[in-house]
Amino acid sequence: MESKKDGIRKLNRVRSHVDRADMVIITALSERMALVRDIGEIKKKFRIPVVSENRDKQVMKRILMTGNAHGLDKGFIEEVYLSVLNEAKRIQNKIVKGR
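Figured I'd write up the structure that's included with this text.

## Focus on a nonpolar patch on the surface
Here is step 1: Taken together, the side chains of Ile-25, Ile-26 and Leu-29 define a hydrophobic patch exposed on the protein surface, amounting to about 260 Å² of accessible area.
Here is step 2: One can find Ile-26 in helix α1 (residues 4-45).

Dropping the structure here:
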């Protein structure tokens, strides 16, 4: 029979995997936002509007399909990606407006 101590060791091992997954998420978000800055510079140079409803819909559709394939809740994915897309627009607007 396993002891509570064994359970705590197992819990800590799993938590270390969660910590690594968190680092992957943060690294991916950082990379995405660097690319968003590049996109903002291109949009500024060529006077392309920051907001593209069609692109947002394409991204959300693709992300929802991928999330669904991984068994993730649709509402959760929408909430997370709306935040990501809103941050991307904020960054691009800042670049385009020269702030």
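## Description of the layout of surface pockets
Here is step 1: Space inside the largest pocket adds up to approximately 730 Å³.
Here is step 2: In terms of lining residues, the largest pocket is bounded by 29 residues, among which Arg-32, Val-59, Tyr-81, Val-84 and Leu-85 are the most central.
Here is step 3: Going through the elements one at a time, α1, α2 (53-69) and α3 (74-96) are the ones with two or more residues in the lining of the largest pocket.
Here is step 4: When its residues are assigned to classes, the lining of the largest pocket shows 19 nonpolar, four polar and six charged.

## So, α2
Here is step 1: End to end, α2 covers 24 Å across 17 residues, agreeing with the expected 24 Å (1.5 Å per residue, within 8%).
Here is step 2: Looking at α2, one finds that the buried residues are Asp-56, Val-59, Met-60, Ile-63, Leu-64 and Gly-67. Looking straight down α2, one finds its buried side chains confined to an arc of 130°; they lie on one side. Exposed side of α2, more than 90 degrees from the buried face: Asn-54, Lys-57, Lys-61, Met-65, Asn-68 and Ala-69 are the residues found there.
Here is step 3: The elements touched by buried residues of α2 are α1 and α3.

## Concerning unusual backbone geometry
Here is step 1: Of note, Arg-47 is a non-glycine position whose phi angle comes to about 55°, a positive value.
Here is step 2: Following the sequence through the fold, Arg-47 ends up in the loop between α1 and α2.

## Quick notes on the pattern of salt bridges
Here is step 1: Within the structure shown, the criterion is met by four salt bridges.
Here is step 2: Note that Asp-56 is salt-bridged to Lys-89, the shortest N-O span being 2.8 Å. Here the residue Asp-56 occupies a position in helix α2, and Lys-89 occupies one in helix α3, the gap between them amounting to 33 residues.
Here is step 3: By relative accessible area, Asp-56 is classed as buried at 18%.
Here is step 4: We classify Lys-89 as partly exposed; its relative accessible area is 23%.
Here is step 5: In this structure, Glu-87 engages Arg-90 in a salt bridge whose closest nitrogen and oxygen atoms are separated by 2.8 Å. Of this pair, Glu-87 and Arg-90 both sit in helix α3, three residues apart, roughly one helical turn.
Here is step 6: Take Glu-87: its relative accessible area is 29%, and that puts it in the partly exposed class.
Here is step 7: On the basis of relative accessibility, which here comes to 44%, the residue Arg-90 falls in the partly exposed class.

Scoring rules and cut-offs
- Residues numbered from 1 in each chain as written.
- Predicted model: local features only at pLDDT ≥ 70, side-chain atom pairs only at ≥ 80, totals over all residues.
- Heavy atoms only, no water.
- Patch = residues over 30% accessible without salt bridge, like charges linked within 9 Å, V, L, I, M, F, W, Y side chains within 5 Å.
- Areas by Shrake-Rupley, 256 points an atom, 1.4 Å probe, with all protein chains shown as cover.
- Salt bridge = Lys/Arg side-chain N within 4 Å of Asp/Glu carboxyl O.
- Helix = DSSP H or I, 4+ residues; strand = E, 2+ residues; numbered from the N terminus.
- 1 Å grid on protein atoms, 1.4 Å probe; cavity = no way out; pocket = protein on both sides within 12 Å on 5 of 7 lines; lining within 4 Å.
- Points joined across faces, edges and corners; volume = space filled by probe spheres on them.
- Nonpolar A, V, L, I, M, F, W, Y, C, P; charged D, E, K, R; others polar.
- Expected span 1.5 Å × (residues − 1).
- Buried < 20%, exposed > 50% of the residue type's maximum accessible area, 1.4 Å probe, protein only.
- Arc of directions from axis to C-beta.
- Contact = heavy atoms within 4.5 Å.

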